[in-house]
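Spelled out, the chains give:
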Amino acid sequence: MKMRETDLTLLAQECRTFIEQRQSLMLGSLVADSLNGGAATDACPDVSYAPFIWRDGVFYVFISELAAHTRNLMACERTSVMFIEDEVGNRNPFARRRTSFVCRAQQVPRDALAFEPALADLEEAFGATVGVLRGLSDFRLFALQPVSGRYVVGFGKAYDINTSDFSLRHVGPDDLKK
């Protein structure tokens, strides 16, 4: 059954709200050590999390170079992020609502135009801690630009996200065979 355009538009807004209600994202990166010495196929995935803000379709994280995920992003711009429904109150752990994006990570230099507005938004969202972290030389701001995305709301209810306009397209069994 094909969804009506209005249903997809409402679902896309639901997805946006789902992301906006979160304070942190799950961050998948490739372990930097495996990138230095081996082939890309030898790279090991690493999963972590970070507080974030979402502005102009880009996720911003302010993370320490002492953390593995920061070093990983500095070595390889390929990353992914995920937002997932809480387990509490969820009736079926196999069908938790979730959104994931493949992203391109770019470090935002402290003298870049985007740096101050992003840090101001982070401070507004997370308080004085951001002001303290701003003074530490090991903290780096990264812009995670979504390249592709998927929103899953249950069994058989998966939607590809067009990252340029945030429209959705239902993913059916035939799409998965490609």
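Presented here is a report on the structure given in the accompanying data block.

Definitions and cut-offs
- Residues numbered from 1 in each chain as written.
- Predicted model: local features only at pLDDT ≥ 70, side-chain atom pairs only at ≥ 80, totals over all residues.
- Heavy atoms only, no water.
- Helix = DSSP H or I, 4+ residues; strand = E, 2+ residues; numbered from the N terminus.
- Buried < 20%, exposed > 50% of the residue type's maximum accessible area, 1.4 Å probe, protein only.
- Contact = heavy atoms within 4.5 Å.
- Areas by Shrake-Rupley, 256 points an atom, 1.4 Å probe, with all protein chains shown as cover.
- Arc of directions from axis to C-beta.
- Core = buried A, V, L, I, M, F, W, Y, C linked by side-chain atoms within 4.5 Å.
- Salt bridge = Lys/Arg side-chain N within 4 Å of Asp/Glu carboxyl O.
- Phe/Tyr/Trp six-rings, centres within 6.5 Å; stacked < 30°, edge-to-face > 60°.
- Expected span 1.5 Å × (residues − 1).

Comments concerning the overall build of the protein
A count of helical and extended segments in the protein gives six helices and nine strands. In the protein, which comprises 178 residues, the share counted as buried stands at 37%. A separation threshold of at least 6 residues defines the contact pool for the protein, and within that pool the share at least 24 residues apart is 64%. Within the structure as shown, the protein displays about 10,600 Å² of accessible surface, and the carbon and sulfur contribution to it stands at 54%.

Focus on helix α3 (residues 68-75)
Within α3, the full set of buried residues consists of His69, Thr70, Asn72 and Leu73. Seen end-on, α3 carries its buried residues on one side only, within an arc spanning 160 degrees.

Observations regarding unusual backbone geometry
The phi dihedral of aspartate 56 is positive, around 55 degrees, even though this residue is not glycine. Relative to the assigned elements, aspartate 56 resides in the loop between β3 (53-55) and β4 (58-64). For phenylalanine 166, which is not a glycine, the phi torsion comes out positive at approximately 60 degrees. On the secondary structure map, phenylalanine 166 appears in the loop between β8 (158-162) and β9 (167-171). For phenylalanine 166, a relative accessible area of 7% gives the class buried.

Here we look at the nonpolar core
If you look at the biggest cluster of nonpolar residues, it comprises 26 residues, and the most contacted ones within it are Leu25, Phe59, Val81, Phe83, Phe101 and Leu144. Looking at this core, the elements with two or more residues in it are α1 (5-20), β1 (24-30), β4, β5 (78-84), β6 (98-108), β7 (139-152) and β8. Of the residues forming this core, the biggest block, six residues, is contributed by α1. Excluding its chain neighbours within four sequence positions, the residues that come into contact with leucine 25 are Ser48, Tyr49, Ala50, Phe52, Phe59, Val61, Val81, Met82, Phe83 and Leu144. Ile53, Phe62, Phe139 and Leu141 belong to the second-largest nonpolar core, a separate cluster that totals 13 residues.

Describing the pattern of salt bridges
When their charged atoms lie close together, side chains carrying opposite charge are able to pair. As enumerated under the stated definition, the model contains seven salt bridges in all. Salt-bridge contacts for arginine 55 lead to aspartate 121; the nearest nitrogen and oxygen are separated by 2.5 Å. Of this pair, arginine 55 sits in strand β3 while aspartate 121 sits in helix α4 (residues 115-126), placing them 66 residues apart in sequence. A salt bridge links aspartate 160 to arginine 169, with the nearest nitrogen and oxygen atoms 2.9 Å apart. Among the residues examined, aspartate 160 registers a relative accessible area of 21% and is labelled partly exposed. For arginine 169, a relative accessible area of 41% gives the class partly exposed.

Re the packing of aromatic side chains
Applying the stated rule across the entire model yields ten aromatic pairs. Taking 5.9 Å as the distance between ring centres and 75 degrees as the angle between the ring planes, the aromatic pair formed by phenylalanine 52 and phenylalanine 59 counts as edge-to-face. Comparing phenylalanine 52 with phenylalanine 59, the two get one shared label, buried. The interplanar angle of 20 degrees and the centroid separation of 5.6 Å between the aromatic rings of tryptophan 54 and phenylalanine 59 together place this pair among those described as stacked. What makes tryptophan 54 partly exposed here is its relative accessible area of 22%. The class of phenylalanine 59 is buried, set by a relative accessible area of 0%.

Some points on α4
For α4, spanning twelve residues, the distance from its first C-alpha to its last is 16 Å, which sits close to the expected 16 Å at 1.5 Å a residue. For α4, the complete set of buried residues consists of Phe115, Ala118, Leu119 and Leu122. Taken down its axis, α4 places every buried residue within 95 degrees of arc, on the same side. As for α4, its buried residues are in contact with β3, β4, β6, α5 (128-134) and β7. In the segment just after α4, glycine 127 is the residue with positive phi, at about 80 degrees.

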